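# Report on the structure
Spelled out from the first residue to the last, the chains are:
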Amino acid sequence: MKLTLTQASEVIGKTPDEVLYMVQDGRLAASNEPDNELVYLADGRVEFNEPSDPAWVFDFDEVLRAKKELDEGLDGQIRTLLGG
């Protein structure tokens, strides 16, 4: 199952920026869905569509694994101590 950045951040309990930092840090895998702004035609021409934003795509199992690691690590211990 594929998740968006917003969905992944809700599952993990972090902000979207924190989730992207986890990706940058190598603690969470993600793929980047291509931006469909350009369409390459068979004759070599390029057409522009409405501007669209590329989107991050996360695998649900990978998100759960990262959440489990956070909960078992220092982040989870601090959250438990603070009652959150």
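Everything here concerns the structure above.
These notes cover the structure that comes with them. (Residues numbered from 1 in each chain as written. Predicted model: local features only at pLDDT ≥ 70, side-chain atom pairs only at ≥ 80, totals over all residues. Heavy atoms only, no water.)

Bringing helix 3 (residues 60–72) into the picture now. The end-to-end C-alpha separation of helix 3 is 18 Å, in line with the 18 Å expected for 13 residues at 1.5 Å each. Along helix 3, the positions that sit buried rather than exposed are Glu62, Val63, Ala66 and Leu70. Seen from one end, helix 3 has its buried residues packed into an arc of 100 degrees, which puts them on one side. Among the exposed residues of helix 3, those pointing more than 90 degrees away from its buried face are Asp61, Lys68 and Glu72. (Helix = DSSP H or I, 4+ residues; strand = E, 2+ residues; numbered from the N terminus. Expected span 1.5 Å × (residues − 1). Buried < 20%, exposed > 50% of the residue type's maximum accessible area, 1.4 Å probe, protein only. Arc of directions from axis to C-beta.)

Now for the sheet that holds strand 2 (residues 31–33). Taking strand neighbours across the sheet as the criterion, the three strands line up as 1-5-2 in an open arrangement whose pairing is antiparallel. At either margin of the open sheet sits one strand with a lone partner, and together these are strand 1 (2–3) and strand 2. Two strands pair when backbone bridges link them, and strand 2 and strand 5 (residues 55–59) are joined in this way by three bridges, in the antiparallel orientation. When the bridges of strand 5 are listed, asparagine 32 appears paired with tryptophan 56. Contacting strand 1 and strand 5, helix 3 crosses the sheet at an angle of about 75 degrees to strand 5. (Pairing = 2+ DSSP bridges. Contact = heavy atoms within 4.5 Å. Axes fitted to C-alpha atoms, helices over the stretch in contact; angles between N-to-C directions.)

Attention now moves to the nonpolar core. Counting residues in hydrophobic clusters, the biggest one holds 12 residues: Leu3, Leu5, Ala8, Ile12, Val19, Met22, Val23, Leu28, Phe58, Val63, Ala66 and Leu70. Secondary structure elements with two or more residues in this core: helix 1 (5–12), helix 2 (16–25) and helix 3. Residues contacting valine 23, with those up to four places away along its chain left out, are Leu28, Ala30, Trp56 and Phe58. (Core = buried A, V, L, I, M, F, W, Y, C linked by side-chain atoms within 4.5 Å.)

So, about helix 2. By the burial criterion, the buried members of helix 2 are Val19, Met22 and Val23. Projected down its long axis, helix 2 shows its buried positions confined to an angular sector of 100 degrees, all on one face. With respect to the buried face of helix 2, the exposed residues turned more than 90 degrees away are Asp17 and Gln24. Glycine 26 sits one or two positions beyond helix 2 and adopts a positive phi of about 90 degrees.

Moving on, we come to the side chain of serine 9. Turning to its location among the elements, serine 9 is positioned in helix 1. What serine 9 contacts, discounting residues up to four positions off in sequence, is Lys14, Thr15, Pro16 and Val19.

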